[in-house]
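Examining the three-dimensional arrangement
So you can see what is in the structure, the chains are spelled out below.
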Amino acid sequence: MQSSAKTVQEYLKELPADRREAINAVRGVILANLPKGYEECMSYGMIGYVVPHSIYPKGYQCNPKVPLPFVNLSSQKNHMAFHLMCCYGDPKLKASFEKAWKDAGKKFDMGGGCVRFKKLEDVPLEVIGQLVASLPVDVYIRRIEKVFAEIAEARAAKKTAKAKPSKTKPTRKKAAK
């Protein structure tokens, strides 16, 4: 459920009181632990924490006009979600985050790139704070550029493999007489 809100405050005003309280609590932990350089903004219809163009002019690989996403926070139709772009392409970080969440005794409901929750009590706030604090902007940029380079190499290799002609001559069957 994407919002058309232009500011974080507008987004928060749109939410029912219980969701506003939960989103604000998670937001507070993110802001308290957010390393210098990231900015809070509206991103893809959600509250976003991004590397601004002033620090990373390339922007997001999928759409260079938007800043590089780090994490997002959203209220969807049936749940709220903490989106983890910062774990993209880093299975160890993602596994570590999942383990810490479960070790905190909370249910871990992860989709493709987000952890879903229904109420604030489902969220180990300290785990979110630790994840956010663990990735200074320069570390995140280096890591994400490595991931983007690996993706580009894989695509190029796939393209090259498709374009190479076969080294074996095709066999032709002789016509039966």
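All of these numbers come straight from a predicted model, not from anything done at the bench.

Looking now at the overall build of the chain. Within the chain one finds 5 helices and 6 strands. Seen in sequence order, the chain has helices and strands lined up from the N terminus as α-α-β-β-β-β-α-β-β-α-α. Taking the principal axes of its C-alpha atoms as reference, the chain extends roughly 85 × 35 × 35 Å. Buried residues in the chain amount to 40% of all 177 residues. Of the contacts formed within the chain by residues at least 6 apart in sequence, a portion of 57% connects residues at least 24 apart. Total accessible area computed for the chain in this model is approximately 11,000 Å², and 55% of it derives from carbon and sulfur atoms.

Further remarks concern unusual backbone geometry. A positive phi angle, near 55 degrees, is found at Tyr44, a position not held by glycine. With respect to the helices and strands, the residue Tyr44 is situated in the loop between β1 (39–43) and β2 (46–51).

A separate point is the packing of helix α2 (residues 17–33) against helix α4 (residues 125–133). Where α2 contacts α4, the axes come no closer than 8 Å and their chain directions differ by 35 degrees. When the axes of α2 and α4 are compared, the crossing they make is right-handed. Note on element contacts: α4 touches α2 through Leu125, Ile128, Gly129, Val132 and Ala133, opposite Ala25, Val26, Val29, Ile30 and Asn33. Here the contact of α2 with α4 is built from residues that sort into 8 nonpolar, 2 polar and no charged.

This brings us to the environment of Leu84. Looking at where Leu84 falls in the secondary structure, it is placed in the loop between β4 (80–83) and α3 (91–103). Residues Leu84 and Leu131 lie 47 residues apart in sequence; the distance between their C-alpha atoms is 9.7 Å.

What follows concerns the nonpolar core. With 46 residues, the main nonpolar core has Ile30, Leu68, Phe70, Phe82, Phe97, Ile128 and Tyr140 as its most contacted residues. Residues within four places of Leu68 in sequence aside, it is in contact with Val50, Val51, Tyr56, Gly59, Tyr60, Tyr140, Ile141, Ile144 and Phe148.

A few words on the side chain of Asp90. Inspection of the secondary structure puts Asp90 in the loop between β4 and α3. The exposure class assigned to Asp90 is buried, which follows from its relative accessible area of 18%. Side-chain polar atoms of Asp90 contact the backbone nitrogen of Leu93, separated by 3.0 Å.

What follows concerns the sheet that holds strand β3 (residues 68–75). Pairing between the strands of a sheet comes from backbone hydrogen bonds, and it takes one of two forms, parallel or antiparallel. Here we have 6 strands laid out as an open sheet, ordered β1-β2-β3-β4-β6-β5, and antiparallel in their pairing. In this open sheet, the two edge strands, each paired with only one partner strand, are β1 and β5 (109–110). Strand direction decides the pairing type here: β2 and β3, joined by 5 bridges, are antiparallel. Residue Gly48 lies in a different strand from β3, and its bridge partner there is Asn72.

Calculation notes
Residues numbered from 1 in each chain as written. Predicted model: local features only at pLDDT ≥ 70, side-chain atom pairs only at ≥ 80, totals over all residues. Heavy atoms only, no water. Helix = DSSP H or I, 4+ residues; strand = E, 2+ residues; numbered from the N terminus. Buried < 20%, exposed > 50% of the residue type's maximum accessible area, 1.4 Å probe, protein only. Contact = heavy atoms within 4.5 Å. Areas by Shrake-Rupley, 256 points an atom, 1.4 Å probe, with all protein chains shown as cover. Axes fitted to C-alpha atoms, helices over the stretch in contact; angles between N-to-C directions. Left-handed = near helix turned anticlockwise from the far one by under 90°. Nonpolar A, V, L, I, M, F, W, Y, C, P; charged D, E, K, R; others polar. Core = buried A, V, L, I, M, F, W, Y, C linked by side-chain atoms within 4.5 Å. Polar contact = N/O pair within 3.5 Å; in protein donor to acceptor, adjacent residues only side chain to side chain. Pairing = 2+ DSSP bridges.

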